[in-house]
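Topology and contacts: notes
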Amino acid sequence: MSEPLVLGIETSCDETGIGIVRGHTLLADTVASSVDLHARFGGVVPEVASRAHLEAMTPTIERALKTAGVSLDDLDAIAVTAGPGLAGTLMVGVAAAKAYALALGKPLYGVNHLAAHVAVDQLEHGPLPKPCVSLLVSGGHSSLLLVPDVATDVRSLGSTVDDAAGEAFDKVARMLDLGFPGGPIIDRTARAGDPAAITFPRGKLDDGTYDFSFSGLKSAVARWVEAKERAGEPVPIADVAASFQEAVVDVLTRKAVAVCKAHDVDHLQIGGGVAANSRLREMAKQRCDKAGIRLRVPRPGLCTDNGAMVAALGAELVSSGVADSRLDLPADSSLPVTTVRV
Ligand code: KG4
Ligand code: ZN
C-alpha cells in the first residue's frame, strides 16, 4: 500500500484534533480546542479537558470526514496518540480509536505524540531526510532528537532537565499577567520590545550536553520584575517579553545547530507548539543558513497539537510495513520518545 488513507486522533492535552491524510497529502485537519475553558485557571484542567474531548470527538470526526470527502469505510487505518500526555485525556482518544477500529475492522496504530510532531513536517515538505535532527519544543517537552527514521528509529540526544520551553513561556506570561496560553501572547508582545534590553541567563548553554534548563531563566525574570515593582518603577513588559524570548530561542537554536554539526546531519526539523514562535523560526533560519543546514519547520497551525500529525505518523507506519497495535493498547502518559508505536 503506497498511499494509505489514515485518520488520526489527538487528545493528549486540550485539543481534540482529527486529521485525515493520504500518504503525505493532508486532506483534513479539524481541531476543537477547550483552551477557553482553562484560561481562567491559568493552565489546563485535566478533568475539564477530558470531558470536552468526549463531547467533541464524534462531531469533530464527522467534520473531518466531510472536509476530506471520504467515508469511514474508505480508511486504511486509524491512528491515535497513545502518549505522552495527560492520562485522562489520552484515554478518551484511545478508547474512541479502539471503538472505531473494532467496529470498522480497520488496523489501529497507537502512536507517540512527539514522533507525530516530527512526522507532520512531511505533509508540508515531503519525505524527511534520513537521518535528520529534530528540535522538539512544546508545552510538555523540549528535546533534541536524532531521527534516522521517524517510523522506526527515534533517538533522544538531550532534553530539558526542568521546565519545557513552552511551559517557560506560559509561566512567564502568567507572571506578566498576559494570559494563557502564554507562548503566542509573548511572541506578539515581544515584537514591540528590545530583545537586548535585559540580559537574562542562558541555562546550560555551554555545558557540553544537549540538555536544556529553563527554570533558572524563569526565576531570573521573576526576580527582575519584582525588583522593578519594589522600586516603584513601571515594568517594561515588551522588553521583558522580548529579552526572555531571546534567551530561550538563543539556547534552543545554538544547541540544535551544534547537534547537527556533531552528528554530521545537514537537515534540522523543528516541531511542537513553540515551533510556531516567530523569533525561533527567524533565528533558526539565520543560524542554519550560516552553518549550511537545511531547515524544515511546518506552518504554525501544524506545529501546535493537531490530528494531522497523528495521521501523518500513522500513514508513515503503514507505508513502512510496521505492524499495527493490539486492540488492548494502553494510554501511557509518560511514553518515552523512543517508542514510536505502542
Ligand atoms: O505542542 P503543543 O501544542 O502542546 C504540547 O504538546 O504541549 O505546545 C503548546 C505549547 C504551549 O506552551 C504554548 O504556549 C506554546 O506551545 N506555544 C508557543 C507559541 N505558540 C504556542 N510558544 C512560543 N511562541 C508561540 N508562538
Ligand atoms: Zn504537542
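Residues numbered from 1 in each chain as written. Chains lettered and ligands numbered in written order. Predicted model: local features only at pLDDT ≥ 70, side-chain atom pairs only at ≥ 80, totals over all residues. Heavy atoms only, no water.

**What to know about the sheet that holds strand β9 (residues 267-271)**
- In space, the five strands of this open sheet follow the order β8-β7-β6-β9-β10, with mixed pairing throughout. Each edge of the open sheet carries a strand with a single partner, namely β8 (153-159) and β10 (294-296). Across this sheet, the average inter-strand angle for adjacent strands is 25 degrees, counted without regard to direction.
- Note that β9 and β10 share three bridges and pair parallel. Within β10, the residue paired with H267 across the bridge is R294. (Pairing = 2+ DSSP bridges. Helix = DSSP H or I, 4+ residues; strand = E, 2+ residues; numbered from the N terminus. Axes fitted to C-alpha atoms, helices over the stretch in contact; angles between N-to-C directions.)

**Quick notes on the nonpolar core**
- In this structure, L135, F200, F244, L252, L268 and I270 are the most contacted members of the largest nonpolar core, which totals 47 residues.
- For this core, the elements supplying multiple residues, two or more each, are β6 (132-137), β7 (142-149), α6 (165-175), α7 (182-190), α8 (215-230), α9 (237-262), β9 and α10 (278-291).
- For this core, the leading source of residues is α9, giving 13 residues.
- Apart from residues lying up to four places away in sequence, F244 is in contact with A168, F169, V172, I186, F200, L217 and V221.
- By size, the runner-up hydrophobic cluster in this structure holds 34 residues, among which are A77, L123, V150 and A308. (Core = buried A, V, L, I, M, F, W, Y, C linked by side-chain atoms within 4.5 Å. Buried < 20%, exposed > 50% of the residue type's maximum accessible area, 1.4 Å probe, protein only. Contact = heavy atoms within 4.5 Å.)

**Quick look at the pairing of strand β4 (residues 77-83)**
- In terms of burial, β4 is a largely internal element, seven of the seven residues being buried.
- When β4 meets strand β5 (residues 108-112), the two strands line up parallel, connected through five bridges. Residue pairing across strands places V80 opposite G110, the latter belonging to β5.
- For the crossover from β4 across helix α3 (residues 87-104) to β5, the handedness is right-handed. (Right-handed = clockwise from strand over helix to strand, strands pointing away.)

**Some thoughts on α9**
- With 26 residues, α9 should cover 38 Å at 1.5 Å per step; its first-to-last C-alpha distance of 38 Å lies within 8% of that length.
- Most of α9 is tucked away, with 20 of its 26 residues classed as buried.
- Where α9 ends, the next residue or the one after it, D264, has phi of about 55 degrees, a positive value. (Expected span 1.5 Å × (residues − 1).)

**Concerning α6**
- All of the buried residues along α6 are A165, G166, A168, F169, D170, V172 and A173.
- As for α6, its buried residues are in contact with β6, β7, α7, α8 and α9.
- Among the residues trailing α6, D177 stands out with phi positive, at a value near 55 degrees.

**So, the site of ligand 1**
- Taken together, the neighbourhood of ligand 1 is formed by 18 residues, with G139, D170, D187, G273 and D305 sitting nearest.
- A distance of 3.1 Å is found between an oxygen atom of ligand 1 and a side-chain nitrogen or oxygen belonging to H113.
- Here D187 contributes a side-chain N or O atom positioned 2.9 Å from a nitrogen atom of ligand 1.
- Within the complex, 89% of the 550 Å² of free accessible area of ligand 1 lies under protein.
- When residues of the shell around ligand 1 are traced back to their parent elements, those giving at least two are α4 (113-119), α6 and α7.
- For the shell around ligand 1, a count of residues per class yields four nonpolar, 11 polar and three charged. (Near = heavy atom within 4 Å. Polar contact = N/O pair within 3.5 Å; in protein donor to acceptor, adjacent residues only side chain to side chain. Areas by Shrake-Rupley, 256 points an atom, 1.4 Å probe, with all protein chains shown as cover. Nonpolar A, V, L, I, M, F, W, Y, C, P; charged D, E, K, R; others polar.)

**A look at the sheet that holds strand β2 (residues 15-22)**
- Taken in spatial order, the five strands of this open sheet run β3-β2-β1-β4-β5, and their pairing is mixed. Looking at which strands have only one partner, the edges of the open sheet turn out to be β3 (25-33) and β5. Between one strand axis and the next, the sheet turns by 20 degrees as a mean value, whatever way the strands run.
- Pairing geometry for β2 and β3, over eight bridges, is antiparallel. Bridge pairing in β3 places V21 opposite L26.
- Where helix α12 (residues 308-319) meets the sheet, it contacts β1 (5-10), β2, β3, β4 and β5, and its direction lies at approximately 135 degrees from that of β1.

**Focus on the domain arrangement of the protein chain**
- Looking at the assigned domains, one finds that the protein chain contains domain 1 (5-120 + 306-319) and domain 2 (129-298).
- A C-alpha centroid distance of 27 Å is found between domain 1 and domain 2.
- Summed over both partners, the interface of domain 1 with domain 2 comes to about 1,200 Å²; 77% of that surface belongs to carbon and sulfur atoms.
- Per-residue buried area on domain 1 facing domain 2 is highest for L114, H117 and V118; these three make up 42% of the total on that side.
- There are zero salt bridges connecting domain 1 and domain 2.
- Taken together, the elements giving at least two residues each to the side of domain 1 that touches domain 2 come down to α1 (35-38), α4 and α12.
- The residue makeup of the side of domain 1 that touches domain 2, split by class, is 11 nonpolar, four polar and one charged. (Domains from an automatic or database assignment. Buried area = accessible area lost by both parts, 1.4 Å probe. Salt bridge = Lys/Arg side-chain N within 4 Å of Asp/Glu carboxyl O.)

**Structural notes on the coordination of the zinc ion (ligand 2)**
- With distances of 2.0 to 2.1 Å, the protein atoms coordinating the zinc ion (ligand 2) are H113 (NE2), H117 (NE2) and D305 (OD).
- Written as a sequence motif, the donor arrangement for the zinc ion (ligand 2) is H-x3-H-x187-D. Placement of the pair is H117 in helix α4 and D305 in the loop between α11 (300-303) and α12, with a sequence separation of 188 residues. As far as burial versus exposure is concerned, H117 and D305 are alike and both buried. (Donors = N, O, S within 2.8 Å, 3.2 Å for Na, K, Ca; no water.)

**Structural notes on the pairing of β6**
- Taking burial as the measure, the six residues of β6 include six buried ones, the bulk of the element.
- Neither face of β6 is open: one carries C132, S134 and L136, the other V133, L135 and V137, and all of them are buried.
- In the sheet, β6 pairs with β7 via six bridges, with the strands oriented antiparallel. Bridging from a neighbouring strand, C132 pairs with V147 of β7.
- Hairpin remark: β6 followed by β7, antiparallel, with four residues in the connecting loop.
- In this sheet, β9 lies alongside β6 in parallel orientation, the contact comprising four bridges. If you follow L135 over to β9, its bridge partner there is I270.

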